[in-house]
Structures are given as C-alpha cells and as structure tokens.
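Remarks on the overall topology
The chain contents come next:
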Amino acid sequence: MLSKVVRTIARPFDERFNLTNRLHESLLDKPVPDHARRYYFCFGGIAFFLFLTQAITGVLLTMYYVPSQDQAYSSVFYISNYVNYGWLLRSIHNWGAQLMVVFVMLHMLRVYITASYKHPREFNWVVGMLLLMTTMAFTLTGYLLPWDQKAYWGSTVTISLVEKVPFFGKSMANIIMGGDKLGQATLTRFFSAHIMVLPAGLVLFMAAHFWMVRKQGISGPL
Amino acid sequence: MGGFAKKAIELTRRDFLSWLTAASLSVTGFFALGTLAKQITPPTRSPEGLTEVGWLAVGTVDSLTEGLPKLVEYGEEWVYLVKKADGLVNAINAACPHVRCKLGWNANTKRFDCPCHGSAFTIDGKRLYGPAPRDMFAMKLRLEGKNIVVGGYADA
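Residues numbered from 1 in each chain as written. Chains lettered and ligands numbered in written order. Predicted model: local features only at pLDDT ≥ 70, side-chain atom pairs only at ≥ 80, totals over all residues.

**Quick notes on the overall build of chain B**
Operational definition: What counts as a helix is a DSSP run of H or I of at least four residues, what counts as a strand is a run of E of at least two, and both are numbered from the N terminus. The exposure label follows from counting other C-beta atoms within 10 Å of a residue's C-beta, where the C-beta atoms are placed from the backbone and the thresholds are 20 or more for buried and 12 or fewer for exposed, leaving partly exposed in between.
Helix and strand counts for chain B come out as three helices and ten strands. The order of helices and strands in chain B, counted from the N terminus, is α-α-α-β-β-β-β-β-β-β-β-β-β. For chain B, the residues scored as buried account for 18% of the 156 residues in total.

**Focus on the domain arrangement of chain B**
Applied cut-off: What fixes the domain bounds is an automatic or database domain assignment.
Segmenting chain B into domains produces domain 1 (2-40) and domain 2 (49-153). Each of domain 1 of chain B and domain 2 of chain B has a C-alpha centre, and the two are 54 Å apart.

**Some thoughts on the environment of Pro131 of chain B**
All names here are of chain B. Note the following rule: Any residue pair is listed as a contact if its two C-beta atoms, each placed from the backbone, are within 7 Å.
Looking at the secondary structure, you find Pro131 in the loop between strand S8 (127-129) and strand S9 (139-144). In this structure, the C-alpha to C-alpha distance between Pro131 and Leu17, residues 114 residues apart in sequence, is 60 Å. Those residues in contact with Pro131, other than ones at most four positions away along the chain, are His98, His117 and Ser119.

**Overview of the environment of Leu128 of chain B**
Residue and element names in this part refer to chain B. Secondary-structure assignment places Leu128 in strand S8. With 110 residues separating them along the chain, Leu128 and Ser18 place their C-alpha atoms 68 Å apart. Apart from residues no more than four positions distant in its own chain, Leu128 is found in contact with Arg111, Ala120, Phe121 and Thr122.

**Description of the sheet that holds strand S5 (residues 104-106) of chain B**
All names here are of chain B. The condition is simple: Here, strands pair whenever DSSP counts at least two bridges between them.
One open sheet accounts for four strands, arranged S5-S6-S7-S8; its pairing is antiparallel. For this open sheet the edge positions go to S5 and S8, each flanked by a neighbour on one side alone. Inspection of the sheet shows S5 paired to strand S6 (residues 111-113) by three bridges, in the antiparallel sense. Opposite Trp105, over in S6, you have Phe112 as the bridge partner.

**Observations regarding the pairing of S9 of chain B**
Residue and element names in this part refer to chain B. Across five bridges, the pairing between S9 and strand S10 (residues 147-153) is antiparallel. Within the sheet, the bridge partner assigned to Leu141 lies in S10 and is Val150. Where S9 folds back onto S10 in an antiparallel hairpin, the turn is made up of two residues, including Gly145, whose phi is positive at roughly 65°.

**Details of helix H6 (residues 122-144) of chain A**
Side chains that are three or four residues apart share a direction in an α-helix, a result of its 3.6 residues per turn. Residue and element names in this part refer to chain A. We count it as follows: Each residue after the first adds 1.5 Å to the expected span of a helix.
In this model H6 runs 34 Å from its N-terminal to its C-terminal C-alpha over 23 residues, within 8% of the 33 Å that 1.5 Å per residue would give. Turning to H6, its buried residues number three or more, namely Asn124, Gly128, Leu131, Thr134, Thr135, Phe138, Thr141, Gly142 and Leu144. If you follow the buried residues of H6, they end up packed against helix H5 (86-113), helix H7 (149-163) and helix H9 (184-216).

**Looking at the sheet that holds strand S3 (residues 77-83) of chain B**
Residues and elements named next belong to chain B. Put simply, the rule is: In this analysis an axis means a line fitted to C-alpha atoms, helices contributing only their contacting stretch, and an angle means the value between N-to-C directions, from 0 to 180 degrees.
A sheet is described by the order of its strands in space; here three strands give the open sequence S2-S3-S4, paired in antiparallel fashion. Of all strands in the sheet, those bounded by a partner on one side alone are strand S2 (70-74) and strand S4 (89-93). Averaged over all pairs of adjacent strands, the angle between strand axes in this sheet comes to 30°, irrespective of strand direction. One ladder, built from five bridges, connects S2 with S3; its direction is antiparallel. Bridging across to S3, Lys70 finds its partner in Leu81.

**Regarding unusual backbone geometry**
Residue and element names in this part refer to chain A. Here the residue pair His119 and Pro120 is connected by a cis peptide bond, since its omega of 5° sits within 30 degrees of zero. Looking at where Pro120 falls in the secondary structure, it is placed in the loop between H5 and H6. Of note in this structure, Ala115 is not a glycine but carries a positive phi near 60°. Tracing the backbone through its elements, the reader meets Ala115 in the loop between H5 and H6. Classification of Ala115 by C-beta neighbours within 10 Å gives exposed; the count is 11.

**Let's talk about the packing of H6 of chain A against H9 of chain A**
For any two helices packed against each other, one specifies the inter-axial angle together with the distance between the axes. Residues and elements named next belong to chain A. Stated precisely, the cut-off is as follows: An angle counts as roughly parallel when it lies under 35 degrees, as roughly antiparallel when it exceeds 145, as roughly perpendicular when it falls between 65 and 115, and as oblique in every other case. Helix crossings are classified by the rotation of the near helix relative to the far one: an anticlockwise turn of less than a right angle makes the crossing left-handed, while a clockwise turn makes it right-handed. Nonpolar residues are Ala, Val, Leu, Ile, Met, Phe, Trp, Tyr, Cys and Pro. Charged residues are Asp, Glu, Lys and Arg, and all others, Gly as well, are polar.
Between H6 and H9, whose axes approach to 9 Å, the crossing angle comes to 160°. When the interaxial angle is binned, H6 and H9 end up roughly antiparallel. Here H6 and H9 pass one another in a crossing that is left-handed. Of the residues that constitute the contact of H6 with H9, the class distribution is 17 nonpolar, eight polar and no charged.

**Brief notes about the pairing of S3 of chain B**
Burial analysis of S3 of chain B places five of its seven residues in the buried class, the great majority of the element. Counting the residues between successive antiparallel strands, the hairpin from S2 of chain B to S3 of chain B contains two residues, one of them, Gly75 of chain B, with a positive phi of roughly 60°.

**Describing the nonpolar core**
Under the convention used in this document: In this description, a nonpolar core means buried residues of the types Ala, Val, Leu, Ile, Met, Phe, Trp, Tyr and Cys, linked to one another by C-beta atoms lying within 7 Å.
Val79, Ala91, Ile92 and Met139 of chain B are the most contacted members of the largest nonpolar core, which totals 19 residues. The greatest single-element share of this core, amounting to four residues, is contributed by S3 of chain B. If we ignore the near neighbours within four places in the chain, the residues touching Met139 of chain B are Val79, Ala91, Ile92, Asn93, Val150, Gly152, Tyr153 and Ala154 of chain B. With 14 residues, the next largest nonpolar core counts Leu61, Val76, Ile79 and Leu144 of chain A among its residues.

**Section: the packing of H7 of chain A against helix H8 (residues 169-177) of chain A**
Residues and elements named next belong to chain A. Direction vectors running N to C along H7 and H8 enclose 145°, while the axes themselves pass 7 Å from each other. Along its contact with H7, which presents Ile159, Val162 and Glu163, the element H8 presents Gly169, Lys170, Met172, Ala173, Ile176 and Met177. Considered class by class, the residues forming the contact of H7 with H8 number six nonpolar, one polar and two charged.

Here you go:
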C-alpha cells in the first residue's frame with residue numbers, strides 16, 4: 001500500500017540511477033540473524049534514534065538561543081516560557097541527552113557481554129570508544145549553555161579536573177576556556193563545539209561505525 | 001458476502017502490520033511536524049507581556065464597594081480595584097512581589113494574604129511582613145466616565 005506510493009514516486013529516479021537495487025544490496029537486504037533478535041541488540045539503534053531527535057531539537061533551540069554572557073540565561077528562560085512548545089523542546093533535548101548517554105553505555109555493555117568486540121571487530125570497538133567520548137563531550141559542552149549557577153559551577157569543577165593533568169593541564173584548560181578564567185570566551189567555545197565540531201565528529205564516526213558493521217556483518221552467537 | 005470475505009483474506013499479516021506501522025507513524029509524524037511548525041513560529045507572547053495589553057477597561061466605579069477589593073482580569077494578570085474612603089479608586093497588581101503568587105483578600109483581618117509564603121499587605125498594598133521585599137505593585141489607572149481603565153505598572 002504505502003510501498004506502492006513510494007514506488008510510484010521513486011520510479012523516474014530509479015530508472016535513471018538504479019537506486020532501489022543499490023539500496024537493497026547495501027542496506028535493506030540484510031536479514032537479522034536469529035540470535036540477534038533480542039531487545040538488547042537494539043540499544044545501538046536506540047542511541048542513534050536519540051541522536052536524531054537531539055539533532056532536530058538542537059537545530060530548533062539554536063533558533064532562539066543566544067550564546068552571550070548577558071543573554072544566554074534570558075534566552076533559555078524565553079524558550080521555556082514564551083516560545084510555543086518551547087518547554088517541550090527543551091525537555092526533549094534534555095531528556096534525550098540523558099537517555100542517549102544511558103543507551104550508549106548499555107550498547108557498550110551489550111557488545112562487551114556478547115564479546116562482539118573481538119577479532120575482526122576491534123577497530124569498530126575503537127570507533128565506538130570515540131563515539132562515547134564525543135557523546136560525553138556533548139553533555140559537557142551542552143551543560144554550560146543555559147549559563148545558570150549550576151552550569152557555571154559544574155563547568156568550573158570539570159575544568160579544574162583538566163588543570164590537574166600533569167605538565168599539560170594548565171595549557172589544556174587554557175585552550176578549553178579560551179583564556180585563564182571561565183567567561184564569555186568559554187561560552188562561545190562550548191557553543192561552537194556543541195553545535196559545529198562535535199556533531200560533525202559524531203556523524204563521521206557513526207558513518208565509520210555503521211559501514212564497518214555492514215562490511216563485517218553482525219557478530220555470531222555466543 | 002463472498003467478495004468481502006475473499007478480499008479480507010487477501011490482506012496478509014505482513015500487509016496488515018506494515019499498514020498499521022505506516023498509519024501510526026503518519027499520525028505521530030503529523031503531530032510532530034505540527035509541533036515543529038508551531039515552534040519555529042515567532043511567539044506572540046513576549047516577556048514584556050504587560051505593555052502589549054496596554055490600556056484596558058476592567059470595571060466600573062459603581063461596581064465597587066468601599067473597603068472590599070474587587071479582583072479583575074488584566075490581560076494574563078490579576079488586579080485588585082480598591083475604593084477608598086474619599087471615593088478615589090486604587091488599582092494594585094494581585095501578584096505577590098515575592099514570587100508572584102496570587103494574593104487573596106482576607107475579609108476577617110482586612111488585609112491581603114499570600115497563600116504561598118505568608119506575606120501580608122494592607123488594603124493600600126503596603127507591605128506588613130513576610131518574605132515579600134516590597135509593597136504590592138501599583139497599576140496605572142484612569143477614569144473614562146464611569147469606566148476604570150488600567151494600563152500597566154505605575155512604578156518599575
């Protein structure tokens with residue numbers, strides 16, 4: 001029924017670019033093996049879905065958010081209290097972030113427990129670790145953006161941890177903060193990282209992650 | 001009857017389930033897109049909501065009794081109209097200056113009480129005690145014949 005509608009729209013493109021066959025070969029024609037038909041094999045997919053919601057709600061939030069020391073908090077207040085369904089937008093972005101961390105962790109545990117990280121999938125584990133780090137960096141940078149007391153002192157604590165790294169600590173903290181104290185430069189840097197650098201990195205690593213899964217197939221049963 | 005039954009059998013379980021999935025996704029997607037469209041529409045309410053309400057007729061002088069504040073709506077806020085002994089009328093915002101709970105008139109003690117944190121004010125809006133840092137907010141007011149017209153905060 002629905003597929004008929006899709007097929008009618010897709011036909012002219014299909015004739016010219018042979019899309020359907022390629023789509024089937026590379027993506028759709030991959031039956032899930034019996035041993036993988038368990039809910040705990042869905043954690044990675046759920047994490048990906050949550051990333052998509054984060055991307056959509058994040059784009060909408062940037063339409064109202066102002067990354068300035070003077071206006072960050074009031075713009076967040078404006079989103080929560082005056083933008084249509086702004087409270088919903090912020091809540092979904094906040095809860096989505098929490099859940100994404102949870103499901104990334106659960107996915108990692110599943111891969112560890114089913115021993116899927118072993119040869120020949122070691123590199124995918126490494127990329128997975130990069131994805132985990134990127135996700136954590138997302139939560140760190142996003143936490144500062146509302147620019148309230150919690151955000152300010154939370155980030156102060158995190159950055160003081162960085163300062164304790166031997167030899168390079170001070171200069172690392174300096175680069176992260178964009179100066180020697182937490183202020184406007186830090187807010188701008190965290191905002192830039194949160195909406196430009198990290199999404200680009202995450203998409204890149206995800207592409208590598210998924211490509212390797214497709215190339216190597218799902219790991220066998222225990 | 002035969003034709004209907006035959007047709008019903010032709011719908012396989014797979015067809016039915018994919019139809020069900022597509023339908024529920026469409027409904028969800030429809031509302032999600034609606035919300036999204038709402039969200040990118042610039043909001044009509046603004047943080048300076050009061051100035052947008054402007055001057056608003058809220059009641060008549062005749063409807064007031066001396067010593068009995070009358071609660072009236074002003075835009076999204078509430079205002080108490082108070083008729084004084086000399087016949088003059090006062091308009092005070094009903095929101096407590098502490099955290100903006102709606103103050104109630106206590107007829108027994110003849111004062112405004114805050115239901116949230118127990119601040120109290122006189123009939124003129126003067127602060128008696130409580131966590132509230134200041135007197136109640138006075139509102140701008142003018143008379144147009146018998147009509148009382150309120151227009152935003154008098155001070156601040």
